[in-house]
Amino acid sequence: MFGYLAGDYVLKEVSRVLSENTRGSDALGRFKGDKFFVILHKTDAHGTMQYLQKFETALKKVNFCFNDFNFDIDLNYGVTSTKEDDTVHKLIDRSYKALVKAKKSRTSNIEFLL
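Residues numbered from 1 in each chain as written. Predicted model: local features only at pLDDT ≥ 70, side-chain atom pairs only at ≥ 80, totals over all residues. Heavy atoms only, no water.

## Describing a nonpolar patch on the surface
Phase 1: Side chains of M1, F2 and F69 sit close together on the surface and give an oily, nonpolar patch of about 410 Å² of accessible area.
Phase 2: On the basis of relative accessible area, M1 is assigned to the exposed category, the value being 94%. (Patch = residues over 30% accessible without salt bridge, like charges linked within 9 Å, V, L, I, M, F, W, Y side chains within 5 Å. Areas by Shrake-Rupley, 256 points an atom, 1.4 Å probe, with all protein chains shown as cover. Salt bridge = Lys/Arg side-chain N within 4 Å of Asp/Glu carboxyl O. Buried < 20%, exposed > 50% of the residue type's maximum accessible area, 1.4 Å probe, protein only.)

## Quick look at the side chain of T22
Phase 1: Checked against the element boundaries, T22 lands in the loop between α1 (4-20) and β1 (27-31).
Phase 2: Judged by its relative accessible area of 16%, T22 is buried.
Phase 3: Separated by 2.5 Å, the side chain of T22 and the backbone oxygen of L18 make a polar contact.
Phase 4: Only 2.9 Å separates the side chain of T22 from the side chain of Y51, close enough to count as a polar contact.
Phase 5: If we ignore the near neighbours within four places in the chain, the residues touching T22 are L28, V38 and Y51. (Helix = DSSP H or I, 4+ residues; strand = E, 2+ residues; numbered from the N terminus. Polar contact = N/O pair within 3.5 Å; in protein donor to acceptor, adjacent residues only side chain to side chain. Contact = heavy atoms within 4.5 Å.)

Right, here's the structure in full:
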């Protein structure tokens, strides 16, 4: 909507807030353009929800402004947990399916697929 430079600005800000709110024992990275992943070490569903609430609270404090235009952003979250027989590919696939479902949802921007 605002062009590549604005998109890059948003990605950098989201990345910064993720980084500031993620523990050193967790893994954080960018995956496919505008998607990020966070692997929360030794965290159950309740802890994951606490993390997402903390991140969302921190993100709401950011004043997104590009070329003198203020705007808000909305994010969607696809969440899964590891299973004993998981491969990286299975984990990514479940997370991505949950994300797609969250994007299509009219009631929630967070989708768990276990």
